[in-house]
Amino acid sequence: MPAAKKPKVAQKPAPDRKPAPPTKPASSSKSPAAKKPAFDYDLFVIGAGSGGVRASRVSAAHGAKVAVAEEFRIGGTCVIRGCVPKKLLVYGSHFAEELQDAAHYGWTIGKLSFDWNVLRDTVLGDVDRLNAAYTTTLESHGVERFLERATITGPNSVKLASGKTYTAKTILVATGAWPVIPEFKGAQHCITSNEVFHLPSLPKRVVIAGAGYIALEFAGIFNALGCHVTVVNRSDAILRGYDESLRDRLLQITMARGIEYKFNCPFDSVAKNEDGTFQVTLAGHDPFCADLVMVATGRKPNTDGLGLDKVGIKLGLKGEIPVDEFSRTSCKSIYAVGDVTDRVQLTPIAIREGQAFADTVFGDNPRSIDYDFIPSAVFSQPPLAGVGLTEGQARETLGSIKVFSSDFRPMKNVFAGRHERGLYKMIVDAATDRVVGLHMIGPEAPEILQAAAIAVRAGLTKADFDATVALHPSMAEELVLMR
Ligand code: NDP
């Protein structure tokens with residue numbers, strides 16, 4: 001493998017100092033010399049989401065006495081009201097396409113009907129199952145759980161909503177992020193991704209504010225389930241940060257599927273009609289009617305009222321907790337991981353940060369996270385996935401690049417009479433032949449990209465991809481046949 005220069009991706013946070021790794025604190029509870037432990041816990045974690053649960057469990061496995069406080073449900077956003085239930089809704093809604101296509105493959109399907117309540121309740125049942133599984137994991141590792149809000153009262157102390165105060169040698173903040181609702185008249189009538197999993201019925205007309213991950217994933221779900229969907233964005237773009245050609249392709253396919261887009265349209269107001277529907281007014285446009293208005297305009301770190309000011313931690317511009325590469329805050333005994341630090345708002349990153357924190361502080365194995373080449377996906381319909389530099393980013397950072405692509409109609413689409421085309425794009429550093437970016441839209445793109453991301457991260461070249469024999473017939477074979 002050539003010693004290719006490692007390109008930087010835009011997501012990587014740039015630590016401005018190279019701190020020495022933290023050393024393992026002496027266990028407050030197990031010191032033989034101490035009659036009474038100096039602290040109630042070695043570690044008090046605030047927030048039992050992906051990062052907090054991983055950090056709690058691994059720290060406990062390293063021998064720490066750990067407690068975790070969670071004000072809602074153990075599992076956090078990903079499990080309770082994010083990635084997991086969303087993906088189940090994507091699966092559920094995708095049957096519409098599969099059932100439609102089935103006739104081309106010889107299946108006779110009777111009269112189709114869909115019951116939102118069945119899908120919703122089954123999804124919520126699975127959320128309960130996962131919530132119980134996460135709780136059991138903490139229990140089996142001896143992590144004490146407080147199902148209430150905790151706030152910081154000092155460098156080594158927290159206060160629970162019930163009034164009890166506990167001390168800890170180390171505090172970890174893993175409180176995640178919360179949906180942002182921009183200010184406009186009638187904003188209180190809108191829901192966010194927190195409430196969408198609990199809808200009492202399927203709305204006929206849905207308006208979604210924002211054109212990022214959440215907006216496009218739910219636009220796809222509602223559209224597949226037969227709702228009329230209007231996506232409204234303040235700018236003229238969807239999915240900022242993803243490769244432009246893929247964004248264009250998604251826009252084109254979803255418009256053909258019936259999703260309406262309104263760009264450069266900030267919300268003016270939402271008013272509730274007497275019949276329970278909503279009158280939506282966008283700046284400079286005539287009002288129109290909707291049955292549901294959902295806001296998906298980003299998520300803000302959950303730091304309000306957490307008491308960080310009491311320990312001198314100054315928040316960043318978005319309300320995030322600034323941390324160094326070992327997730328240390330400016331207060332020596334307090335660390336933070338996951339969305340609350342706004343490094344990369346993705347579950348697998350929060351989990352890695354939680355693990356690295358536990359290994360560093362309680363496992364005598366100081367380590368930080370490599371934020372390069374993080375694969376990500378949008379579970380729109382069709383889905384989109386990418387790793388590394390987009391064409392635009394590569395041109396800016398590397399100068400001389402080569403772009404290869406495959407614009408193809410997946411075999412299953414051809415047979416089913418679907419005209420939607422997939423698009424795979426490979427960005428190569430012209431100087432080294434190294435693949436520095438891979439971007440895909442089409443059926444199963446996230447599943448295919450995860451495997452390909454290993455090759456991209458490993459620094460393989462275009463020649464390495466070409467030397468791999470195609471697996472025929474598959475969509476993934478396009479990866480080794482790109483011209
Ligand atoms: P995103 O940051 O993806 O998108 C926000 C959208 O809202 C953009 O279209 C943006 O417009 C618009 N917007 C931002 N601020 C305002 C404002 N004040 N007024 C009006 N519009 C605004 O946010 P999401 O809420 O969709 O998702 C939050 C995060 O959750 C994502 O960044 C992602 O990290 C994570 N996530 C990941 C998923 C996955 O991995 N599949 C799935 C869901 C969420 P503009 O075009 O101008 O930027």
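For clarity, every value in this text was computed on a predicted model and none was experimentally measured.

Undergrad: It is not clear to me how the overall build of the protein chain should be interpreted in this structure. Could you clarify?
TA: Helices and strands together make up the secondary structure of the protein chain, namely eleven helices and 21 strands. Counting only C-alpha atoms, the protein chain reaches 75 × 65 × 45 Å along its principal axes. The burial tally for the protein chain puts 52% of its 483 residues in the buried class. Of the contacts made within the protein chain by residues no fewer than 6 positions apart, 64% connect residues no fewer than 24 positions apart. Counting every atom, the protein chain has about 22,500 Å² of accessible surface; 54% of that belongs to carbon and sulfur.

Undergrad: I would appreciate a short explanation of the pairing of strand β9 (residues 228-232) in the present structure.
TA: Along any regular strand the residues' side chains alternate between the sheet's two faces. With four of five residues buried, β9 lies mostly within the body of the structure. With five bridges connecting them, strand β8 (residues 205-209) and β9 associate as parallel partners. Among the inter-strand pairings, A209 is bridged to a residue of β9, identified as V232.

Undergrad: So what exactly am I meant to see when it comes to the sheet that holds strand β20 (residues 422-429) here?
TA: Hydrogen bonds along the backbone pair up the strands of a sheet, which may run parallel or antiparallel. Strand order across the open sheet formed by five strands is β17-β18-β21-β20-β19, with antiparallel pairing between neighbours. Edge strands, defined here as strands with exactly one partner in the open sheet, are β17 (376-378) and β19 (401-408). Within the sheet, the average angular offset between the axes of one strand and its neighbour, ignoring direction, is 10 degrees. Direction of pairing for β19 relative to β20: antiparallel, over a ladder of eight bridges. If you follow D407 over to β20, its bridge partner there is L423. Sheet strands in contact with helix α8 (residues 391-398) are β18 (384-388), β19, β20 and β21 (435-441), and its direction is about 170 degrees off that of β19.

Undergrad: Sorry, what's going on with the packing of aromatic side chains here?
TA: Aromatic rings considered in pairs are described by the distance between their centres and by the relative angle of their planes. Applying the stated criterion across every chain yields a total of 14 aromatic pairs. Ring centres of F44 and F146 lie 6.0 Å apart, and the angle between their planes is 10 degrees; this geometry places the pair in the stacked category. Here F44 is found in strand β1 (residues 41-46), whereas its partner F146 is found in strand β3 (residues 144-146), with 102 residues between them in sequence. Side by side, F44 and F146 carry an identical accessibility label, which is buried. Aromatic side chains F408 and Y424 sit 4.9 Å apart centroid to centroid with 85 degrees between the ring planes, which places their arrangement in the edge-to-face category. A residue pair is termed long-range when its members are at least 10 positions apart, and F408 in strand β19 and Y424 in strand β20 qualify at 16 residues.

Undergrad: Which parts of the structure should I look at to understand helix α5 (residues 213-224)?
TA: Think of an α-helix as 3.6 residues a turn; residues three or four steps apart then line up on the same face. A rise of 1.5 Å per residue sets the reference length of α5, with its twelve residues, at 16 Å; its end C-alpha atoms lie 17 Å apart and thus fit the reference within 8%. Counting buried residues in α5 gives ten out of twelve residues, a clear majority hidden from the surface. Within α5 the residues assigned to the buried category are A215, L216, E217, F218, A219, G220, I221, F222, N223 and A224. Of the residues one or two after α5, G226 is the one with positive phi, at around 100 degrees.

Undergrad: Just checking my understanding: could you explain the site of the ligand for this structure?
TA: Lining the immediate environment of the ligand, one finds 21 residues, of which I214, R234, S235, Q345 and A377 sit closest. Between A211 and the ligand, the recorded distance is 2.8 Å, taken from a backbone N or O atom to an oxygen atom. R240 places a side-chain nitrogen or oxygen 3.0 Å from an oxygen atom of the ligand. Expressed as a share of its isolated accessible area of 920 Å², the protein-covered part of the ligand is 76%. Considering each element in turn, the shell around the ligand owes the most residues, three residues, to α5. Grouping the amino acids of the shell around the ligand by side-chain chemistry returns nine nonpolar, seven polar and five charged.

Undergrad: Quick question: what am I supposed to make of the packing of helix α1 (residues 50-61) against helix α4 (residues 116-140) here?
TA: When two helices pack together, their arrangement is given by the angle between the helix axes and by the axis-to-axis distance. Following both chains from N to C, one finds α1 and α4 inclined at 25 degrees, their axes separated by 9 Å at the closest point. Relative to α4, the element α1 lies roughly parallel. Here α1 and α4 pass one another in a crossing that is left-handed. In this structure, α1 contributes V53, S56 and R57 to the contact, and α4 contributes Y134, T137 and L138. Tallied by class, the residues present in the contact of α1 with α4 amount to three nonpolar, two polar and one charged.

Undergrad: I keep staring at the environment of T192 and nothing clicks. Help me out?
TA: Among the structural elements, T192 can be located in the loop between β7 (177-179) and β8. Counting along the chain gives eleven residues from T192 to I181, while the straight-line C-alpha distance between them is 8.2 Å. Those residues within four positions of T192 in sequence are excluded, and the remaining contacts are P179, I181, M294 and V295.

Undergrad: How should I be thinking about the pairing of strand β4 (residues 150-154) in this particular structure?
TA: Relative to strand β5 (residues 157-160), β4 runs antiparallel, the two being bridged by four bridges. What sits directly across from A150, in β5, is L160. Here β4 folds back onto β5 in antiparallel fashion, the turn holding two residues.

Undergrad: Would you mind showing me how to read helix α6 (residues 244-256) here?
TA: If you check α6, its first and last C-alpha atoms are 18 Å apart, about what 13 residues at 1.5 Å a residue would give, namely 18 Å. Taken together, the buried positions of α6 are L246, R247, R249, L250, L251, I253 and T254. Close packing links the buried residues of α6 with α5, β10 (260-262), β18, β19, β20 and β21. Directly after α6, the chain includes G258, whose backbone phi takes a positive value near 110 degrees.

Undergrad: Quick question: what am I supposed to make of unusual backbone geometry here?
TA: What is expected of a backbone is that most residues other than glycine have negative phi and most peptide bonds are trans. Cis geometry is adopted by the peptide bond preceding P382, which originates at Q381 and carries an omega value of 5 degrees. By the secondary structure assignment, P382 is in the loop between β17 and β18. Omega for the bond connecting H472 with P473 falls within 30 degrees of zero, at -10 degrees, which places this linkage in the cis form. On the secondary structure map, P473 appears in the segment after α11 (462-467). Phi at D433 takes a positive value of approximately 70 degrees, unusual for a residue other than glycine. By relative accessible area, D433 is classed as partly exposed at 25%. Positive phi outside glycine occurs at E444, with the angle close to 60 degrees. Note that E444 resides in the loop between β21 and α10 (445-457).

About the criteria used
- In this convention, every chain numbers its residues from 1, walking through the sequence in written order.
- Since the coordinates come from a predicted model, pLDDT governs what is reported: local features require at least 70, and pairs of side-chain atoms require 80 or more to be given and counted, while whole-chain, interface and lining totals use all residues.
- Note that the side-chain values use all heavy atoms of the structure and ignore hydrogens as well as water.
- For helices the rule is a DSSP run of H or I covering at least 4 residues; for strands it is a run of E covering at least 2, with both sets numbered from the N terminus onward.
- Using a 1.4 Å probe on the protein chains alone, a residue whose accessible area is under 20% of its type maximum counts as buried, one over 50% counts as exposed, and one in between counts as partly exposed.
- We call two residues in contact when some of their heavy atoms are within 4.5 Å.
- The protein chains shown are the only cover counted for residues, whose accessible areas, like all others here, come from Shrake-Rupley with a 1.4 Å probe.
- In this description, strands pair whenever DSSP reports at least two bridges between them.
- Each axis is a line fitted through C-alpha atoms, and for a helix only the stretch in contact is used; angles between axes span 0 to 180 degrees, taken between their N-to-C directions.
- Between 30 and 60 degrees the pair is tilted, below 30 it is stacked and above 60 it is edge-to-face, where a pair is any two Phe, Tyr or Trp rings, Trp via its six-membered ring, whose centres lie within 6.5 Å.
- The span you would expect from a helix comes to 1.5 Å times its residue count less one.
- Only a single heavy atom is needed: when it lies within 4 Å of a molecule or strand, its residue is near that molecule or strand.
- N or O atoms within 3.5 Å of each other form a polar contact, as long as, within protein, one can give a hydrogen and the other can take it, and as long as residues adjacent in sequence are counted only when both atoms are side-chain atoms.
- Residues are grouped as follows: Ala, Val, Leu, Ile, Met, Phe, Trp, Tyr, Cys and Pro are nonpolar; Asp, Glu, Lys and Arg are charged; every other residue, Gly included, is polar.
- Throughout this description, any angle smaller than 35 degrees is read as roughly parallel, any larger than 145 degrees as roughly antiparallel, any in the 65 to 115 degree range as roughly perpendicular, and the remainder as oblique.
- Left-handed describes a crossing in which the near helix is turned anticlockwise from the far one by less than a right angle; the clockwise case is right-handed.

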